[in-house]
Amino acid sequence: CIRALGCPCATACPVCVNRSTPTMLSKVLGAARQPSARAVGRLLAGNTRSFAAVVLPADSNQALGIANYAKDFIGGKYGDDIDASVWERIEQFHTDSVMCGISALALKTNAPTVLREEALTYSDPKGATVFGSSAKCAPEKAICANASAVREWDSNGTVFGYNPNIPGHTAGEFGHNDFYPVVMAAAQVTGQIDGKQALLAMIALDEIRGRLAEVFSLKSYKIDHVVHGAIASAAVYGALLGASAEQIESAIGMTVAHYVPFRAIRAGKQLSDSKGASAALSTEAAVLSMRRAMRGFVGPKDIFRNPEAIFRFFEPTTGTAACQNSVDIALVNKVRWGPGPSPFNMVLSHSGSDFAVCGMHFKLGLYEHQSAGALEAIIYALVHNPDFAAGGLGAIENINIVAYEPAFGIIGDPAKKDPKSRQSADHSMAFIVSRLLVKAMKSGKVPSTMDAAWIEFMLSPYDYGKDALYDAETRSLFSRITFEHGGAEFDAKYPDGIPTQVDITLKGGKKISSGMVMYPSGHARNTSADLKKILEYKNRMLGDIVFAERKVVDSFVGRLVSMKSASAAEVGSLYDFDWSSIRSHPCID
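Starting afresh in each chain, residues are numbered from 1 along the sequence in its written order. The model is predicted, so local features are restricted to residues of pLDDT at least 70 and side-chain atom pairs to those at 80 or more, both for listing and for counting; the totals for chains, interfaces and linings are taken over all residues. Hydrogens are left out, water is left out, and the side-chain values use all remaining heavy atoms of the structure.

A. Main features of the overall build of the protein. Assigned secondary structure in the protein consists of 25 helices and ten strands. Radius of gyration means the value over C-alpha atoms here, while the globule rule gives 2.2 Å times the residue count to the 0.38 power. Relative to the compact-globule value of 25 Å for 589 residues, the protein shows a C-alpha radius of gyration of 24 Å, a close match. The dimensions of the protein, computed from C-alpha atoms along their principal axes, are 70 × 55 × 50 Å. Burial status follows relative accessibility: with a 1.4 Å probe on protein chains alone, a residue under 20% of its type maximum counts as buried, one over 50% as exposed, and anything between as partly exposed. Burial analysis of the protein (589 residues in total) assigns 61% to the buried set. Helical segments are the DSSP runs of H or I of at least four residues, strand segments are the runs of E of at least two, and each set is numbered from the N terminus.

Pasting the structure below:
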């Protein structure tokens, strides 16, 4: 363990360090990416959050290490020294994800509906349930359906894989809080997991996938980010079901060796169901692998040090230099394909306040996470320039958005100015910004505070439906929006923040500039937004899509928010509601 304020152990151990033993820290953290003395100092003295953690060195069996961490953490080995802020954050992210999921189902989105109906055909009296049903079905099918629903709006939590407090943990991989249905399914299967332990398991799941996102960038090799979540899902599901560490290691090995999705699902201007359901399908495979391992199936061991698995394949640690721009796959290089460490060390928190979930970000409405800086800038311009809002859409001459890579190349791509599907619209910066402006101008008034404006102009599912998609006013702004790459200055500040600048030119000649926005509302390092108030509104906005009465919305949300005190029986029925009484809607698409 690492203790920011000192190690509790009476004797030295191979993975235990404190302020008086920096050389041991270098040894533990240094097999692949050895930190400098300055980095060691930052870790021990410069971290603003206190924490205690398990270290998995690159020259160890990290798959087995993750398995042991999951079992020990969820099993209570490390005591109950988790800061209240961590519990609050995991409850917020879980509640947010559920409200996203059930509203996506209520509006009859395709993939969640198909996968929910499919799951209900796999009856299993010892299984788990889908949203809005008490019928038990195969756990991996229920997880797949619920995770697909959670992700459909692309509006739940986001991780950027960046923690400068830990050397080597700044790889910057994306990820989303799609995987909580894994814990809920395990709770339903066992019938013995109360609310506090379920939330603890969710913290563990986010910790494993979040730290993996910090040490290995899947997107650099055109691999979809959901692999990290699938690994975490296998580990946590196995730990909750009582699997041995070796069985969990086997399931992780199967997940990585057999089920790696590439970013082909995201390529092109118009996106398919595969993009939104990627986490669901990968997690289905991970949980199925875990169930097979518990039945005796033996998968590949020590997968992170396997030279032919994705980690050492793309970032070799022996025989050749690792390079994200060129992968050496010369088969004659026996050293390159021989024994060696993994490309990274991992630090997994188990106590204190510096957990990965605390560095994750909320979306305050529906939008692609990399557009948050532009939305903050537009809202700021509206709040602080009444004449801007009063002039209407016709007064806008140009909106120039300066952004970093990858935002500039992905959602700022000019080719995405003509989205033809909801999934493509929410990956178009031009559409997202235009839609917010149309909504603001039509409101007839602009609130005097940023929090109130975020609430007033919050983008809902209807802002991406078929009517909004071809709204003439929204599309009239596309030609007036330009994009500019901010260059090295902007690129260097991501993923610490979301560096974005918006310069608005009005037809009368007035120019409004936001300056560089780094930490927009919803960002983990934003300190100005009233997050609880804005999330409360978002939960109600999504809940009103599902339930006919506000009191039913508040009751359902209340159960989620107070989950920590729920009994095992209450956890088992947490996702259940009367499906037959939900609001009737046409398909949003």
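B. Seen up close, the confidence of the model for the protein. For every residue, the predictor assigns a confidence score, pLDDT, that lies between 0 and 100. For the protein, per-residue confidence averages 90 on the pLDDT scale, and 91% of positions sit at 70 or higher. Note on definitions: a residue-residue contact is assigned when non-hydrogen atoms from the two residues lie within 4.5 Å. Considering only residues more than four positions removed or in separate chains, one finds that residues 1-46, a stretch of pLDDT under 50, has 91 contacts.

C. Fine view of the sheet that holds strand β10 (residues 511-513). Within the open sheet, the four strands sit side by side as β8-β7-β9-β10. Their pairing is mixed. At either margin of the open sheet sits one strand with a lone partner, and together these are β8 (481-485) and β10. The sheet shows a mean angle of 15° between the axes of neighbouring strands, direction not considered. The sheet strands contacting helix α14 (residues 372-384) are β7 (396-403), β9 (501-506) and β10, and the helix crosses β9 at an angle near 40°. Only strands that DSSP links by at least two bridges are regarded as paired with each other. Lines are fitted to the C-alpha atoms to define the axes, a helix being fitted only along its stretch in contact, and any angle between axes, read from their N-to-C directions, falls within 0 to 180 degrees.

D. Representation of helix α24 (residues 550-561). Multiplying 1.5 Å by the residue count of a helix minus one yields the expected span of that helix. The terminal C-alpha atoms of α24 lie 16 Å apart, and with twelve residues this matches the ideal 16 Å at 1.5 Å per residue to within 8%. Those residues of α24 that sit buried are Val553, Phe556, Val557 and Leu560. The arc enclosing the buried residues of α24, seen along the axis, measures out at 95°, which places them on a common side. Those residues of α24 that are buried are in contact with α4 (84-106) and α23 (531-546). Taken from the helix axis, the directions to the C-beta atoms give the arc we talk about.

E. Summary view of the pattern of salt bridges. By definition here, a salt bridge exists when the distance from a side-chain nitrogen of Lys or Arg to a carboxyl oxygen of Asp or Glu is within 4 Å. Scanning the entire structure with this criterion turns up 31 salt bridges. Residue Asp178 pairs with Arg151 through a salt bridge whose shortest N-O separation is 2.9 Å. A residue pair is termed long-range when its members are at least 10 positions apart, and Asp178 in the loop between β5 (175-176) and α7 (180-190) and Arg151 in helix α6 (residues 139-152) qualify at 27 residues. Residues Asp178 and Arg151 agree in their burial class; the two are buried. Across the salt bridge formed by Arg209 and Asp206, the nearest N and O atoms sit 3.0 Å from each other. Of the two residues, Arg209 and Asp206 both sit in helix α8 (residues 195-215), three residues apart, roughly one turn of that helix. Here the two residues Arg209 and Asp206 agree in accessibility, since each one is buried. Through salt bridges that share partners, Arg151, Asp154, Asp178, Lys275 and Lys363 make up one connected network.

F. Broad picture of the packing of aromatic side chains. The aromatic pairing rule takes the rings of Phe, Tyr and Trp, using the six-membered ring of Trp, and pairs them if the centres are within 6.5 Å, calling planes under 30 degrees apart stacked, those over 60 edge-to-face and the rest tilted. Within this structure, the stated rule accounts for 22 aromatic pairs. Relative to Tyr494, the ring of Phe160 lies with its centre 5.6 Å away and its plane at 55°, an arrangement referred to as tilted. Note that Phe160 is positioned in the loop between β4 (158-159) and β5 and Tyr494 in the loop between α22 (487-491) and β9, a separation of 334 residues in sequence. In this structure Phe160 comes out as buried when scored by relative accessible area, which is 3%. Aromatic side chains Phe304 and Phe344 sit 6.0 Å apart centroid to centroid with 75° between the ring planes, which places their arrangement in the edge-to-face category. Of this pair, Phe304 sits in the loop between α12 (278-294) and α13 (310-314) while Phe344 sits in the loop between α13 and β6 (346-352), placing them 40 residues apart in sequence. Of the aromatic side chains, those joined through ring pairs into one cluster are Phe216, Tyr221, Phe304, Phe311, Phe313, Phe314, Trp337 and Phe344. Any Lys NZ or Arg CZ that is within 6 Å of a ring centre and within 35 degrees of that ring's normal is treated as a charge sitting over the ring. Its guanidinium or amino end placed over the ring of Phe313, Arg336 lies 5.8 Å from that ring's centre, counting from NZ or CZ. Directly above the ring of Trp337 sits Arg336, whose terminal nitrogen or CZ lies 3.9 Å from the centroid.

G. Structural context of helix α10 (residues 245-258). For α10, which comprises 14 residues, the first-to-last C-alpha distance of 20 Å matches the rise-based estimate of 20 Å (1.5 Å per residue) to within 8%. For α10, a buried count of ten out of 14 residues is recorded, marking the element as mostly surrounded by other parts of the structure. Of the residues making up α10, those classed as buried are Ala245, Ile248, Glu249, Ser250, Ala251, Ile252, Gly253, Met254, Thr255 and Val256. In the core, the buried residues of α10 are packed alongside α3 (62-75), α9 (226-241), α12 and α13.

H. Quick look at the pairing of β6. The element β6 is largely enclosed, with a buried count of seven among its seven residues. Sheet topology places strand β2 (residues 51-56) next to β6; six bridges connect them, and they run antiparallel. Across the sheet, residue Ala52 finds its bridge partner in β6, namely Ser351.

I. Layout of the environment of Ala235. Within the element layout of this structure, Ala235 appears in helix α9. Ala235 gets classed as buried once you look at its relative accessible area, which sits at 0%. Counting along the chain gives 295 residues from Ala235 to Asp530, while the straight-line C-alpha distance between them is 34 Å. For Ala235, the residues in contact, after removing those within four places along its chain, are Ile66, Ala70, Ile208, Ile248 and Ile252.

J. How the structure looks around the packing of α4 against α6. Here α4 crosses α6 at 95°, and the two axes come no closer than 7 Å. On the basis of the axis angle, α4 is roughly perpendicular to α6. Contact with α4, carried on its side by Ser97, Cys100, Gly101, Ala104 and Leu105, involves Ala149, Val150 and Glu152 of α6 and no other residues of that element. As a working rule, the residues Ala, Val, Leu, Ile, Met, Phe, Trp, Tyr, Cys and Pro are called nonpolar, Asp, Glu, Lys and Arg charged, and the rest polar, with Gly in that last group. Classifying every residue of the contact of α4 with α6 gives five nonpolar, two polar and one charged. Orientation labels follow simple angle bins: below 35 degrees gives roughly parallel, above 145 gives roughly antiparallel, 65 to 115 gives roughly perpendicular, and whatever is left gives oblique.

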